[in-house]
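Inside the fold
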Amino acid sequence: MTTGDGTPSTGPRRRGRPSRAESTTGPDARTRILEAARNEFAQRGYDKTSVRGIAKAADVDAALVHHYFGTKDEVFAAAVELSFEPALAIPDILGSSTEGLGERLAGYFIGVWENPVSRAPLLAVMRSAMTHEAAAKGLRVFVLRRLLGRIADQLDVPDAAFRAELAASHMVGIAVLRYVIQAEPLASAPPEKIVAMVAPTLQRYLTEE
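For clarity, every value in this text was computed on a predicted model and none was experimentally measured. (Residues numbered from 1 in each chain as written. Predicted model: local features only at pLDDT ≥ 70, side-chain atom pairs only at ≥ 80, totals over all residues. Heavy atoms only, no water.)

Their axes nearest at 6 Å, the elements helix H6 (residues 101–114) and helix H7 (residues 116–131) cross at an angle of 95°. Between H6 and H7, the interaxial angle falls into the category roughly perpendicular. Residue-level contacts link Val112, Trp113 and Glu114 of H6 to Pro116, Ser118, Arg119, Leu122, Leu123 and Met126 of H7. (Axes fitted to C-alpha atoms, helices over the stretch in contact; angles between N-to-C directions. Helix = DSSP H or I, 4+ residues; strand = E, 2+ residues; numbered from the N terminus. Parallel < 35°, antiparallel > 145°, perpendicular 65-115°, else oblique. Contact = heavy atoms within 4.5 Å.)

Next comes the structure, spelled out in structure tokens:
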């Protein structure tokens with residue numbers, strides 16, 4: 001908009017959906033929303049986090065959060081996935097054969113939890129899942145469908161979904177005891193020892209007849 005003499009107007013901007021020329025749209029905006037969501041859930045927990053709060057932290061309009069992710073539950077699920085980055089990990093976990101699959105899966109899962117950057121939001125996820133059904137559902141959907149379900153789909157075994165659920169229950173149980181409740185001696189055990197002891201069980205769940 002310009003003034004009568006053709007110079008740009010300095011008047012107030014109209015309220016409404018941000019224009020696509022602004023920095024609040026595009027891939028960068030989606031990334032900022034996800035990072036903000038992960039931080040908000042980690043700091044405030046599931047109950048106290050809102051779409052409006054996520055939008056404010058990401059410096060975007062709340063409508064843009066809904067545009068990219070829909071509901072708060074869906075933002076939560078996407079924030080969980082951001083911490084695990086399963087799309088990047090699954091080819092490495094699967095490898096060229098099923099031999100060593102249990103060890104690779106256990107190493108990946110424990111490695112994500114041992115990383116301080118991803119541990120804080122994951123702790124918030126676990127704590128929220130223990131007290132809020134929507135958060136628990138988001139965690140189940142991610143672990144069973146987005147991570148283990150995609151692995152099981154590549155395996156030629158009967159009852160693949162059931163096997164994936166058994167593997168998920170084992171790993172989530174370890175995460176709760178080691179990182180949330182901090183039960184000893186599991187909480188202070190070396191990660192390598194946990195992987196070595198858990199890997200054969202995961203291998204049996206996912207590959208043995």
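The rest of the description comes next.
Further remarks concern the pattern of salt bridges. Throughout the structure, instances matching the rule amount to three salt bridges. Ionic pairing is found between Arg44 and Glu40, a salt bridge with its closest N-O pair at 2.8 Å. Taken as a pair, Arg44 and Glu40 lie in helix H1 (residues 27–48) at a separation of four residues, close to a single helical turn. Under the relative-accessibility criterion, Arg44 is labelled partly exposed at 48%. Across the salt bridge formed by Glu114 and Arg178, the nearest N and O atoms sit 2.9 Å from each other. Placement of Glu114 in helix H6 and of Arg178 in helix H9 (residues 160–180) is noted, with a sequence separation of 64 residues between them. (Salt bridge = Lys/Arg side-chain N within 4 Å of Asp/Glu carboxyl O. Buried < 20%, exposed > 50% of the residue type's maximum accessible area, 1.4 Å probe, protein only.)

Okay, H9 next. Counted at 1.5 Å a residue, the expected span for H9 with its 21 residues is 30 Å, and the 29 Å between its end C-alpha atoms agrees. Those residues of H9 that sit buried are Ala160, Arg163, Ala164, Ala167, Ala168, Met171, Ile174, Ala175, Val176, Arg178, Tyr179 and Val180. The first or second residue beyond H9 is Gln182, which carries a positive phi of 60°. (Expected span 1.5 Å × (residues − 1).)

Looking now at H7. In a regular helix each residue adds 1.5 Å, so 16 residues correspond to 22 Å; H7 covers 23 Å between its end C-alpha atoms and thus fits that length. Looking at H7, one finds that the buried residues are Ser118, Pro121, Leu122, Leu123, Ala124, Val125, Met126, Ser128 and Ala129.

So far we have only geometry, and geometry alone does not tell us how the molecule works.
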